[in-house]
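# Structural overview
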Amino acid sequence: MRVKPIALVTAANNGIGLQIARDLATHGLTVLVGSRKLEHAKTAAKSVGADAHALQLDVTNQASIAAAAKRIRNEFGRLDVLVNNAGISNAGKQDISHAASLDEARAVFETNVFGVVAVTRAMLRLLGEAPAARIVSVYPSNPQRALFGPVYSPSKTALDATTLAFAIEFEHAGANAACPGFTSTNLNNFEGTAERAA
């Protein structure tokens, strides 16, 4: 009997992450639906289907990351696909503009860049157990000049460079980046011009 590939999608409880989880399940993968709040992950996993499992995962919390990796090892033994989707555009206080404080900028980088590094490093051994592992980071295309701010856009530029570094360092894992376009989600107050994600 063929064992289904295992995929983890961070921040898969809504928006692009949830749509990615649904698409992976449709293509025959077992999907781990990551979310900071377990109840949100459970709700999302139910909407994905029988091959989805809720997973509490806060990419800015090392204990949460370690617990998620341990659970994946104990229940599945490996990880075939890691989708680093978690991202924020602001820290909840200011817009993504010059008005954002350094603390807010650090919070955005903590999720969008350092969270990706932390999760990827924690999952490397699990990815090493897969015959053809893949690491995918979700980032936007080069935005229009009017939308390019001093916090979110640089964080995603750093993510792009980080993903390239992973691709070079871990050739066996096939790291790459994927751009969904300016999709309408809660991240951008549903102002995106591409089709709205869940």
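What you see is a predicted model, and the numbers here were worked out from it, not measured in a lab. Residue positions are given per chain, counting from 1 as you read along its sequence in written order. Local features in this predicted model are restricted to residues whose pLDDT is 70 or higher, and side-chain atom pairs enter the listing and the counts only when it is 80 or higher, whereas totals over whole chains, interfaces and linings include all residues. Here the side-chain values reflect all heavy atoms present in the structure, with hydrogen atoms and water set aside.

Caution applies to low-pLDDT parts of the model: their predicted coordinates are not meant to be read in detail. Residue-level pLDDT values for the protein average 84, and 76% of them are 70 or greater. Under a pLDDT of 50 for its full length, residues 179–185 has, in the predicted model, 30 contacts with residues more than four places off or in other chains. Values of pLDDT, which run from 0 to 100, indicate the predictor's confidence residue by residue. Here, residues are in contact when the closest pair of their heavy atoms is within 4.5 Å.

A run of H or I in DSSP becomes a helix once it reaches four residues, and a run of E becomes a strand once it reaches two; helices and strands are each numbered from the N terminus. By definition here, a helix of n residues has an expected span of 1.5 Å times n minus one. Taking 1.5 Å as the rise per residue, helix α4 (residues 102–128) with 27 residues should run 39 Å; its terminal C-alpha atoms sit 37 Å apart, in good agreement. At Glu110, α4 shows its maximal bend, which comes to roughly 40°. The angle between axes fitted to the seven-residue stretch ending at a residue and the seven-residue stretch beginning at it gives the bend at that residue.

What follows concerns the nonpolar core. The nonpolar side chains of a soluble globular protein tend to be buried, and buried together. The set of buried Ala, Val, Leu, Ile, Met, Phe, Trp, Tyr and Cys residues whose side-chain atoms join them within 4.5 Å is what this entry labels a nonpolar core. For every residue, the accessible area obtained with a 1.4 Å probe (protein chains only) is divided by the maximum for its type, and the residue is called buried under 20%, exposed over 50%, and partly exposed between those limits. Formed by 26 residues in total, the largest nonpolar core has its most connected members in Leu8, Ile72, Leu79, Leu82, Met123 and Leu127. Residue assignment for this core shows that the elements contributing at least two residues are β1 (6–9), α3 (62–75), α4 and α5 (152–169). Considering every element that reaches this core, the biggest residue donor is α4, with seven residues. Ala12, Ile20, Leu29 and Val81 belong to the second largest nonpolar core, which has 20 residues in total.

This next bit is on the pairing of strand β4 (residues 81–84). Working note: regular strand, side chains alternate between the two faces of the sheet. Side chains of β4 alternate between two faces, with Val81 and Val83 and Leu82 and Asn84 buried alike. As defined by bridge partners, β1 adjoins β4 across three bridges and the pair is classed as parallel. Paired with Leu8 across the strands is Leu82, a residue of β4. DSSP bridges decide pairing: two strands pair if at least two such bridges lie between them.

We now examine the pattern of salt bridges. Where charged atoms of side chains with opposite charge meet at close range, the side chains can pair. Should a side-chain nitrogen of Lys or Arg be within 4 Å of a carboxyl oxygen of Asp or Glu, the pair is scored as a salt bridge. Tallied over the entire structure, the rule returns five salt bridges. A salt bridge links Arg71 to Glu75, with the nearest nitrogen and oxygen atoms 2.9 Å apart. Of the two residues, Arg71 and Glu75 are both situated in helix α3; the distance of four residues between them amounts to about one turn of the helix. Ionic pairing is found between Asp103 and Arg106, a salt bridge with its closest N-O pair at 3.5 Å. One end of the pair, Asp103, and the other, Arg106, are both in helix α4, three residues apart, so they sit about a helical turn from each other. Under the relative-accessibility criterion, Asp103 is labelled exposed at 58%.

Among the secondary structure elements, Ile65 is positioned in helix α3. Residue Ile65 is classed as buried on the basis of its relative accessible area, which comes to 0%. Sequence separation between Ile65 and Ala118 is 53 residues; the distance between their C-alpha atoms is 7.7 Å. Residues within four places of Ile65 in sequence aside, it is in contact with Leu57, Asp58, Val59, Ala118, Val119, Ala122 and Met123.

Let's shift gears to the pairing of strand β2 (residues 30–35). In terms of burial, β2 is a largely internal element, six of the six residues being buried. Note that β1 and β2 share four bridges and pair parallel. Its bridge partner being in β2, Ile6 is matched across the sheet by Thr30. Here a crossover is taken to be right-handed if, once the strands point away from the viewer, the path from the first strand over the helix to the second is traced clockwise. At this point the chain moves from β1, through helix α1 (residues 15–26), to the parallel β2, and the crossover so formed is right-handed. The pairing of β2 with strand β3 (residues 52–56) spans five bridges and is classified as parallel. Looking at the pairing, Val31 lines up with Ala52 of β3.

Here the focus is the packing of α1 against helix α2 (residues 38–48). What counts as an axis is a line fitted to C-alpha atoms, over the stretch in contact for a helix, and the angles between N-to-C directions run from 0 to 180 degrees. One way to put it is that α1 packs onto α2 with a least axis distance of 9 Å and a crossing angle of 40°. Accordingly, the angle class assigned to the pair α1 and α2 is oblique. Classified by chirality, the crossing of α2 by α1 is right-handed. Contact with α1, carried on its side by Leu18, Ala21, Arg22 and Ala25, involves Ala44, Ser47 and Val48 of α2 and no other residues of that element. Ten residues, namely Ala, Val, Leu, Ile, Met, Phe, Trp, Tyr, Cys and Pro, are considered nonpolar, four, namely Asp, Glu, Lys and Arg, are considered charged, and the remaining ones, Gly among them, are considered polar. For the contact of α1 with α2, the class distribution of residues is five nonpolar, one polar and one charged. The scheme is simple: roughly parallel for angles under 35 degrees, roughly antiparallel for over 145, roughly perpendicular for 65 to 115, oblique for anything else. Helix crossings are classified by the rotation of the near helix relative to the far one: an anticlockwise turn of less than a right angle makes the crossing left-handed, while a clockwise turn makes it right-handed.

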